[in-house]
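Inside the fold
Listed below, chain by chain, are the residues.
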Amino acid sequence: QVQLVESGGGLVQSGGSLRLSCAASGIIFSIYTMGWYRQAPGKQRELVASIRSGYNANYADSVKGRFTASRDNTRNTVYLQMNSLKPEDTAVYYCNAHVVLAGVNEYWGQGTQVTVSS
């Protein structure tokens, strides 16, 4: 059974920081591209960052220079360090794992709420 479990969300003031974690189980973690998505109320889910093993992470323009994605394949965990948070970063953040291997294999976490107050 595949599980992606996010943690680390919460309420923070504008300019503050949070670190999200996503622990994966039931998959060969190292072969998956791991992504962080977010969805604000009334908006579509958007990709925030993605990271493949051995490659630099890619970021949405809105978070470049403020967010850093990293992964630890020994712990089957991906992280999202969020600095200089803004109220517009308020959203539910979701962890995603996907790989194209004999078809598309994709999994989602349950999401964690991040709220940035002004």
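Residues numbered from 1 in each chain as written. Predicted model: local features only at pLDDT ≥ 70, side-chain atom pairs only at ≥ 80, totals over all residues. Heavy atoms only, no water.

Let's talk about the side chain of Thr-112
Mapping Thr-112 onto the fold places it in strand β11 (residues 112–117). Overall, Thr-112 belongs to the buried group, its relative accessible area being 11%. A polar contact of 3.3 Å, which involves the side chain of Thr-112, links it to the backbone nitrogen of Gly-9. (Helix = DSSP H or I, 4+ residues; strand = E, 2+ residues; numbered from the N terminus. Buried < 20%, exposed > 50% of the residue type's maximum accessible area, 1.4 Å probe, protein only. Polar contact = N/O pair within 3.5 Å; in protein donor to acceptor, adjacent residues only side chain to side chain.)

A few points about the sheet that holds strand β3 (residues 18–25)
The strand order across the open sheet built from 4 strands is β1-β3-β8-β7, with neighbouring strands paired in antiparallel fashion. The open sheet has two free edges, formed respectively by β1 (3–7) and β7 (67–72), since each of these has just one partner strand. This sheet shows a mean twist of 15° between the axes of neighbouring strands, independent of strand direction. One ladder, built from 6 bridges, connects β3 with strand β8 (residues 77–82); its direction is antiparallel. Paired with Leu-20 across the two strands is Leu-80, which belongs to β8. (Pairing = 2+ DSSP bridges. Axes fitted to C-alpha atoms, helices over the stretch in contact; angles between N-to-C directions.)

Brief notes about the side chain of Asn-96
Counting through the fold element by element, Asn-96 comes out in strand β9 (residues 91–100). For Asn-96, a relative accessible area of 0% puts it in the buried group. Here the side chain of Asn-96 touches Glu-106 through a polar contact of 3.0 Å, side chain to side chain. Beyond its immediate sequence surroundings of up to four residues, Asn-96 is in contact with Leu-4, Thr-33, Met-34, Gly-35, Tyr-37, Glu-106, Tyr-107 and Trp-108. (Contact = heavy atoms within 4.5 Å.)

Description of the packing of aromatic side chains
Geometry of an aromatic ring pair is reported as the spacing of the ring centres plus the angle between the planes. The final tally for this structure, using the stated rule, is 3 aromatic pairs. When the centroid spacing of 6.5 Å and the interplanar angle of 85° are considered together, the rings of Tyr-94 and Trp-108 count as edge-to-face. Remark: Trp-108 occurs in strand β10 (residues 104–108) and Tyr-94 occurs in strand β9; sequence separation between them is 14 residues. Its relative accessible area of 14% is what places Tyr-94 among the buried residues. These aromatic residues form a ring-pair network of at least three members: Tyr-37, Tyr-94 and Trp-108. The ring of Tyr-79 has Arg-19 lying over it, and the distance from NZ or CZ to the ring centre is 4.0 Å. Positioned above the aromatic ring of Tyr-55 is the side chain of Arg-52, whose terminal nitrogen or guanidinium carbon lies 4.4 Å from the ring centre. (Phe/Tyr/Trp six-rings, centres within 6.5 Å; stacked < 30°, edge-to-face > 60°. Lys NZ or Arg CZ within 6 Å of the ring centre and 35° of its normal.)

Focus on the nonpolar core
With 31 residues, the main nonpolar core has Met-34, Leu-80, Met-82 and Tyr-93 as its most contacted residues. For this core, the elements supplying multiple residues, two or more each, are β3, β4 (33–39), β5 (46–51), β7, β8, β9 and β11. Here the element with the most residues in this core is β9; it accounts for 5 residues. With near-sequence residues (within four places) excluded, Met-82 lies in contact with Gly-16, Ser-17, Leu-18, Leu-20, Arg-66, Phe-67, Tyr-93 and Val-114. (Core = buried A, V, L, I, M, F, W, Y, C linked by side-chain atoms within 4.5 Å.)

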